[in-house]
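Now for the letters of each chain:
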Amino acid sequence: MTKGQEYVKRVFEQVKADNAHEAEFLQAVEEVFDSLAPVFDKYPQYIDDNILERLVEPERVVSFRVPWVDDQGQVQVNRGYRVQYSSAIGPYKGGLRFHPSVNQSIIKFLGFEQIFKNSLTGLPIGGGKGGSNFDPKGKSDREIMAFTQSFMTELQRHIGPDVDVPAGDIGVGAREIGYMFGQYKRLNGYQNGVLTGKGLTYGGSLGRTEATGYGTVYFAEQMLASIGHHFEGKTAIVSGSGNVAIYAIEKLYQLGAKPIACSDSSGYIIDENGINLETLKRLKEIERERISKYLDYHPEAQFVPTGESTIWTVKADLAFPCATQNELNEDDAKTLIANGVIAVAEGANMPSTLEAVTTFQENGVLFGPAKAANAGGVATSALEMSQNSQRLAWSFEEVDEKLYGIMKTIYENAAAAAEEFGQPGNLVVGANIAGFLKVAEAMSAQGVI
Ligand code: NDP
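Parameters and conventions
Residues numbered from 1 in each chain as written. Predicted model: local features only at pLDDT ≥ 70, side-chain atom pairs only at ≥ 80, totals over all residues. Heavy atoms only, no water. Helix = DSSP H or I, 4+ residues; strand = E, 2+ residues; numbered from the N terminus. Expected span 1.5 Å × (residues − 1). Buried < 20%, exposed > 50% of the residue type's maximum accessible area, 1.4 Å probe, protein only. Contact = heavy atoms within 4.5 Å. Pairing = 2+ DSSP bridges. Axes fitted to C-alpha atoms, helices over the stretch in contact; angles between N-to-C directions. Near = heavy atom within 4 Å. Polar contact = N/O pair within 3.5 Å; in protein donor to acceptor, adjacent residues only side chain to side chain. Areas by Shrake-Rupley, 256 points an atom, 1.4 Å probe, with all protein chains shown as cover. Disulfide = S-S within 2.5 Å. Salt bridge = Lys/Arg side-chain N within 4 Å of Asp/Glu carboxyl O.

Trainee: For helix α7 (residues 174–188), give the residues involved together with the corresponding values.
Mentor: An α-helix turns once per 3.6 residues; consequently, residues spaced three or four apart project the same way. The first and last C-alpha atoms of α7 sit 21 Å apart over 15 residues, in line with the 21 Å expected at 1.5 Å per residue. Within α7, the full set of buried residues consists of R175, E176, I177, Y179, M180, F181, Q183 and Y184. Where α7 is buried, its residues meet β3 (92–98), α6 (141–155) and β5 (164–167). Remark: G189 follows α7 within two positions and exhibits a positive phi of approximately 85°.

This is the structure in structure tokens:
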């Protein structure tokens, strides 16, 4: 074993002992650590500095009570979180997730990933993440407002435009950001840089809604170009039907591909004519309906309920997991490969298990890991922060052009780091190393922090 390998192994054993019950967090840490041994062989001073031990410990974990009153007059209580992971290169930045599965492990995994993702964007933003085990499904607008106002009443103590700038994630879209922004403003006065993903009438950026999905497809475009391919004529599976999935589908159409399947937690649909984007947007963005409703408008499509088979059994050239963590396992990866998949780009965070990633890589499938492929969302959030600071609003084209440039640079930097550290084409290793190096250098420069 090299010194770097020994160091990484030793620290990971300690992280496992200290966080034994946090499975998702350990999975995210393992994936990053697996890539970093060659970095420590090249820069042994980082071993002397105990850089990994420091980086893997969040600067701060805040957990709080969120009491609110439902439409029946009953008092409800949820748990809120904000993990302020690393401010080495800028203010904490990362989304808020409202989903019943949210716990400390999930928020820590997301926050840890966010450090490297934010570093890869090239913009000065540190890593953080937050959320609640609140389930927005089936709640009235009034209940959503009651919950988000209570959530922000506590969260506002910990955030600020130069301190920590949350955004959306699963279950947190324009409506939730609006209510939270309103509550922050009542308590602290108007500071538009405190949240991103805001509405266009009060400081939001054009292109932010589309950014994660568009960015993932721009990243995949670079992956395909590396083997002389393009989107024209290719079919795609996009899991999920939320913010990321919808705009990945939109961009796939614009670049000549045909998305034929998408999903929600109740099941997936296949439409061999191509998913009708207008119907999908109406069902999901306006009516907040289940995906099976799609068949009311397109009876030629098929609906397969969850539990019967997974969306990954659909035959297609490209796959974009855009729903949630660990939604694609080793068996799914094998099925996709048997069906001839060429490229997989992760729109969601950690959607593929470690075994699935290895299976793709061993079988020559182009693989774009989340922290690189879905970095367009947070990058555009940082562009929203810049516009807020300047008190300017850029055009959609200006933002989209910047997004495209950022995604291309992330691809190039990840590919170059993979090459430099002896694993050409391995974008998992490349993204982890490129993201890590900037943070490690910043930490070293700032002393023992
Ligand atoms: P949304 O809430 O808009 O949509 C989430 C979609 O995924 C829905 O279709 C939802 O179905 C499905 N989904 C969520 N949880 C599960 C689950 N446990 N099992 C099956 N399906 C599930 O979220 P986003 O589109 O914003 O986020 C999707 C992914 O992208 C997440 O991993 C998020 O962290 C990541 N991401 C998002 C960014 C953003 O800018 N929004 C930025 C970077 C990454 P249902 O409605 O039935 O629950």
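Now that the structure is up, let's keep going.
Trainee: Mind laying out unusual backbone geometry, listing which residues take part and the relevant values?
Mentor: A positive phi is found at M350, a non-glycine position, where the angle reads about 50°. Note on placement: M350 falls in the loop between β11 (343–345) and α13 (354–362). Among the residues examined, M350 registers a relative accessible area of 7% and is labelled buried. The backbone of R391 sits at a positive phi, close to 55°, despite the residue not being glycine. With respect to the secondary-structure elements, R391 resides in the loop between α15 (376–390) and α16 (396–420).

Trainee: Give me the sheet that holds strand β2 (residues 75–86): which residues, what numbers.
Mentor: Ordered in space as β1-β2-β4-β3-β5, the 5 strands form an open sheet in which the pairing is mixed. Each having just a single partner strand, β1 (60–69) and β5 make up the two edges of the open sheet. Across the sheet, the axes of successive neighbouring strands diverge by a mean angle of 20°, strand direction being ignored. Here β1 pairs with β2 via 10 bridges, running antiparallel. Residue pairing for β2: P67 is matched across the bridge by V77. Sheet strands in contact with helix α5 (residues 104–120) are β1, β2, β3 and β4 (126–132), and its direction is about 155° off that of β4.

Trainee: Tell me what's going on with the site of the ligand, and back it up with residues and numbers.
Mentor: Surveying the vicinity of the ligand reveals 24 residues, the closest of which are D169, T212, S265, R290 and N349. Measuring from an oxygen atom of the ligand, one finds a backbone N or O atom of G171 at 2.9 Å. Side-chain polar atom of N349 to an oxygen atom of the ligand: 2.8 Å apart, as the coordinates give it. Protein burial of the ligand: of its 890 Å² of free accessible surface, 82% is covered by the chains. Listing elements by their share of the shell around the ligand, those giving two or more residues are α8 (208–225), α9 (243–254) and β7 (258–264).

Trainee: Can you lay out the environment of V194 for me, pointing to particular residues and giving the numbers?
Mentor: Counting through the fold element by element, V194 comes out in the loop between α7 and α8. Separated by 13 residues in sequence, V194 and F181 have C-alpha atoms that sit 8.0 Å apart. Apart from the residues lying within four places of it in its own chain, the contact partners of V194 are I159, G160, P161, D164, V165, P166, F181 and Y184.

Trainee: Account for the state of the cysteines, with residues named and values stated.
Mentor: Applying the stated criterion across every chain, the model contains 0 disulfides. Cysteine C262 shares no disulfide, and the gap to the nearest cysteine sulfur, in C322, comes to 10 Å. Residue C262 is classed as buried on the basis of its relative accessible area, which comes to 0%.

Trainee: Break down the pattern of salt bridges for me, citing the residues and quoting the values.
Mentor: This structure, assessed with the given rule, holds 22 salt bridges. Linking R10 and E53 is a salt bridge whose minimum nitrogen-to-oxygen distance equals 3.8 Å. Taken as a pair, R10 in helix α1 (residues 3–18) and E53 in helix α4 (residues 51–55) lie far apart in primary sequence, 43 residues in all. Taking the relative accessible area as the measure of exposure, E53 reaches 26% and is therefore partly exposed. Between K129 and D169 there is a salt bridge whose closest N-O contact spans 2.9 Å. Here the residue K129 occupies a position in strand β4, and D169 occupies one in the loop between β5 and α7, the gap between them amounting to 40 residues. With relative accessibility at 2%, the residue K129 sits in the buried group. Linked by salt bridges that have partners in common, E31, E113 and K371 make up one network.

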